Amino acid sequence: MTNLPKTYDPQATEERLYRWWENKGFFTPTIDWDEEPFVISMPPPNVTGGLHMGHAMFVTLEDIMTRYHRMKGEPTLWLPGTDHAGIATQLLVERMIWEQEGKRRQEVGREEFVARVWEWKERYGGYITRQLRRLGASCDWTRERFTLDPLLSRAVVEVFVRLYEKGLIYRGTYLINWSPNLQTAVSDLEVEYSTEPGTLYFFKYRLADNPNEYIPVATTRPETILGDTAVAVHPADERYQRFIGRTALVPILDRSVPVIPDEYVEREFGTGALKITPGHDPNDYEIGQRHNLPIINIMNKDATLNENGGPYAGRDRFEARKRLWADMEAAGLTLKTQPHELNVPRSQRGGEIIEPLVSTQWFVKIGPLAEPAIAAVREGCIEIIPERFEKVYFNWMENIRDWCISRQLWWGHRIPVWYTPEGDSIVARSEEEAHQKARERYGNDLHLEQDSDVLDTWFSSGLWPFSTLGWPDETEDLRYFYPTTVMETGYDILFFWVARMIMMGLEMTGEVPFYTVYLHGLVRDAEGRKMSKTLGNVIDPLEVIEEYGTDALRFTLVTGTTPGQDINLAVERIEANRNFANKIWNAARFVLANVKEAADISSGASLDETTFEGLPLVERWIVSRHNQLVADVTDFMERHMFGEAGRALYSFLWSEFADWYIETGKTRLYAGTEEEANTARLVLLHVLERTLRLLHPFMPFVTEEIWQHLPHTEKAPEALIVAPWPVPGPVDEKAIETFEQVQDLIRAVRNARNSYDVEPGRRIAATIVAPRAAGTVAAERPVITALARIADEGLTITDQLEQPPAQAVHLVVGDGLEAYLPLAGLVDLEKERERLAGQVAETRDEIARVEARLSNPGFVNKAPAQIVQGARDQVAAAQQRLTKLEERLAMLVD
């Protein structure tokens, strides 16, 4: 045992402790077939990424779970890894090559470019995992995975082939999100919608059989008029019923399109008539499918117009918009324009406006996969926390569309499809297998070209819970650690990732990939705004850690939120929790400074019942409250209520242990008998050590550092991180109730002292009346005198009082417990009388003035009602204040 330094220094402690934990192998579980493991698969951060508050949130929550279950003695695996992040990584390396060499990737060539990306990954790819370590992530780095590892790549190919052979993967033409700058299809998750000012354009759709007759139509994207294949109206809209079945002319092009009825049309929006462009709008595409409309694509992949754009071919989409509208104005085809707020889809990576585009891509037929995934949640095989997200999950899964999985990139899992010279496709696990299949199918060797596209990153990450454990091989890890226990992630990727893991896990393994889905919210700034560089409100986790320590950040994140709710993060709260860490440190310093010799506190067992029953009241109170805390925190942890657990620990350590028990303990240590002092030492160590165990998952560094300085027996574990989780011990409800009365008494005396501005160091006299507990209260005389600053010679404790003392403050605490504080000991009576008399006179004058206004009919009848009511409220408040002043004055003249 050594003394703790005067102050806690996170910077000198955290990295040292983390290296020790990792080097000792505490993060790596041992497979024990007699024990059920606890398993979390880390949501793999992008290999290109830097640490942000989203990472801090998931690391905090997952590390809390991991450390808790590890301390419970369960084989605990938190499996880490990173994602190759196809678009983000490719963009980064492309930019680097351009800045260094002035070359585009096409000039470098695919093979060389991919080699450059791998080189970059080897050099910088560990940056994010080093940062995760700074957050205290106690994951098993010996099992770290990367989505492009050979093991995981093999799993990706195997899944593709199996799904294809079952008819669940196909190549087709469909409307997708197209990124003109990135030149690839992108997933819904990679599209961010922003509210921006725009324009609603109103124009004439002339009828072919009568050019003087027209349907008024409104659009926000005039350039797409060139791809229209119909005009739709609501079948019940009387304004347009006469047009249904007739033919209209596309402005400028004069191409004929039908006027069709469809209930999708909103009669209240715009003009109530809708232009239909199936090739450039997802809703129009659905309408086009229902009415068998042709699809006209007017857009090249670089967002210029193609030959279907007529005279605007070759122009950028926004330039074509201006030219077309100007030409329509000249032709008398426009009606008006008006400002209109738009929900604009922008690329998450490039920032450009995404273009809905019909394209030939590879798709997963998702319906057959969604059905068992819906059933798994509905039947309770998978629990979603918070439960309200189950409805969101069902709604999305029951209306799910086929999944576009191909991306026009070079970095990623290349699609395992080879094409013959005639364009036939061969799906195979390798090029050798593709040639073998070609020979079997065609009878001779053919020249084969592999598909140039790669798979959507979400395809490989959808396999994460089982591919990381060795699937498709029957590895020991897969047999023991799968299914995993909890999938913890943000609610914003419930569909894009969690749902896909459920579908893939069920399809490939026949089992759910995890039993619980825990969804956390987004971390916002103190005002509830999304953090962004544009707003300048980003809080950098590493800067916070450098200033306040990792524990303070973690504790702030976990105690500031509940499952599925966003958290507003204020730096002031982080600072307050840094102070909490210091409070624990100082409490531990006091305990260690007063411990003369080691006590057997290291077994994790509670004080035995014999010892417990013999404890004095205060010790029975703190041990009982501690045992209640153990039960409460354990219950919260089991129910994934981590914020409640953290708040309970904060309240106990700050208030009950540090502010109450340590202060009462001083009376035993400094003024009690040797036996009382030894008992206090035992209890101080017992409660501190076990509470450190409870707090360790939340604040791992400060708790481990303190724990290492505590006295331990030879049987003690080597580190707090692997110490057993406490189990609840006995609880004396009567002791809790009794000492809480003593606390209430002390608080009441303190409040009275504050009310009369008694100097903090001045001791006063008091008479305490305790009809049902005089003996118990008397036994706590040293505590009462010390904490309430009462002079020992001036304290009287009795079970009855014949005559209450005159000129004394009367305090009623509860259950018959009362106290009288002689005013002469609190204040200068003469000065207090003068002061109170003056306040009484002022208050009476105030009441008289306001009542005079209220008795004036002119004021009551003419003044605004709120002014009159305000005057009445003022009189009522003054009357209450006067009553209290008169009572206090009467007390002084009795």
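Quick caveat: nothing in here was measured; it's all calculated off a predicted structure.

Definitions and cut-offs
Residues numbered from 1 in each chain as written. Predicted model: local features only at pLDDT ≥ 70, side-chain atom pairs only at ≥ 80, totals over all residues. Heavy atoms only, no water. Pairing = 2+ DSSP bridges. Helix = DSSP H or I, 4+ residues; strand = E, 2+ residues; numbered from the N terminus. Contact = heavy atoms within 4.5 Å. Axes fitted to C-alpha atoms, helices over the stretch in contact; angles between N-to-C directions. Salt bridge = Lys/Arg side-chain N within 4 Å of Asp/Glu carboxyl O. Buried < 20%, exposed > 50% of the residue type's maximum accessible area, 1.4 Å probe, protein only. Core = buried A, V, L, I, M, F, W, Y, C linked by side-chain atoms within 4.5 Å. Parallel < 35°, antiparallel > 145°, perpendicular 65-115°, else oblique. Nonpolar A, V, L, I, M, F, W, Y, C, P; charged D, E, K, R; others polar. pLDDT = per-residue confidence, 0-100.

Brief notes about the sheet that holds strand 18 (residues 417-419)
Reading across from one edge, 19-18-20 is the order of the three strands in this open sheet, with antiparallel pairing throughout. If you trace the sheet from one side to the other, it starts and ends with strand 19 (425-427) and strand 20 (449-450), each paired once. Of the pairings in the sheet, the one linking strand 18 to strand 20 comprises two bridges and is antiparallel in character. Looking across to strand 20, one finds that tryptophan 418 is bridged to glutamine 450. Sheet strands touched by helix 12 (residues 431-442): strand 18 and strand 19. Its angle to strand 19, the strand with the most contacts, is close to 125 degrees.

Concerning the sheet that holds strand 27 (residues 790-798)
The four strands are arranged 27-26-29-28 in an open sheet whose pairing can be described as mixed. The sheet terminates laterally at strand 27 and strand 28 (808-814), the two strands that pair on one side only. If you compare each strand with its neighbour and ignore which way they point, the axes differ by 20 degrees on average. Note: strand 26 (residues 764-769) against strand 29 (residues 817-822), three bridges, orientation antiparallel. Across the sheet, valine 769 pairs through a bridge with glutamate 818, a residue of strand 29. Contacts from helix 25 (residues 733-755) reach strand 26, strand 27, strand 28 and strand 29 within the one sheet, and its direction differs from that of strand 28 by about 150 degrees. The sheet contacts of helix 27 (residues 781-788) involve strand 26 and strand 27, and relative to strand 27 the element is tilted by about 130 degrees.

What about the pattern of salt bridges?
Applying the stated criterion to the full structure yields 59 salt bridges. Across the salt bridge formed by aspartate 732 and arginine 620, the nearest N and O atoms sit 2.8 Å from each other. With aspartate 732 in the loop between helix 24 (700-709) and helix 25 and arginine 620 in helix 21 (residues 617-638), this residue pair connects regions lying 112 residues apart in the sequence. Each member of the pair, aspartate 732 together with arginine 620, is buried. Glutamate 759 is the partner of arginine 762 in a salt bridge, and the nearest nitrogen-oxygen pair spans 3.6 Å. Judged by relative accessible area, which is 31%, arginine 762 ranks as partly exposed.

Observations concerning the nonpolar core
If you look at the biggest cluster of nonpolar residues, it comprises 134 residues, and the most contacted ones within it are Phe657 and Phe698. Core analysis: the second largest hydrophobic core is formed by 66 residues, Leu494, Val498, Met503 and Leu519 among them.

As for the packing of helix 2 (residues 53-71) against helix 18 (residues 550-559)
Where helix 2 contacts helix 18, the two axes come as close as 9 Å, and the packing angle between them is 85 degrees. Taken together, the axis directions place helix 2 and helix 18 in an arrangement best described as roughly perpendicular. Counting all contacts with helix 2, which are made through Met53, Ala56, Met57, Thr60, Leu61, Asp63, Ile64 and Arg67, the residues of helix 18 involved are Leu553, Arg554, Leu557 and Val558. Class assignment of the residues belonging to the contact of helix 2 with helix 18 gives a composition of eight nonpolar, one polar and three charged.

What about the pairing of strand 11 (residues 256-261)?
Of the strand pairs in this sheet, strand 9 (residues 230-233) and strand 11 are connected by three bridges, and their pairing is parallel. Bridged to alanine 232 within strand 11 is isoleucine 260. As paired elements, strand 10 (residues 247-249) and strand 11 share three bridges and run antiparallel to each other. Note on strand 11: the bridge partner recorded for leucine 249 is serine 256. What sits between the antiparallel neighbours strand 10 and strand 11 is a turn of six residues, in which isoleucine 252 has the positive phi angle 70 degrees.

Thoughts on the side chain of aspartate 477
Tracing the backbone through its elements, the reader meets aspartate 477 in helix 15 (residues 476-481). Those residues in contact with aspartate 477 that lie beyond four places of it in its chain are Ile31, Arg143, Leu469 and Tyr482.

Regarding the environment of tyrosine 127
Position of tyrosine 127 among the secondary structure elements: in helix 6 (residues 127-134). Tyrosine 127 sits 174 residues away from lysine 301 along the chain, and the two C-alpha atoms are 35 Å apart. Those residues in contact with tyrosine 127, other than ones at most four positions away along the chain, are Gly49, Gly50 and Leu542.

Focus: the confidence of the model for the chain
On average, residues of the chain carry a pLDDT of 91, and 97% of them reach 70 or more. Note that residues 598-606 has pLDDT below 50 and, in this model, 24 contacts with residues that lie over four places away or in other chains.

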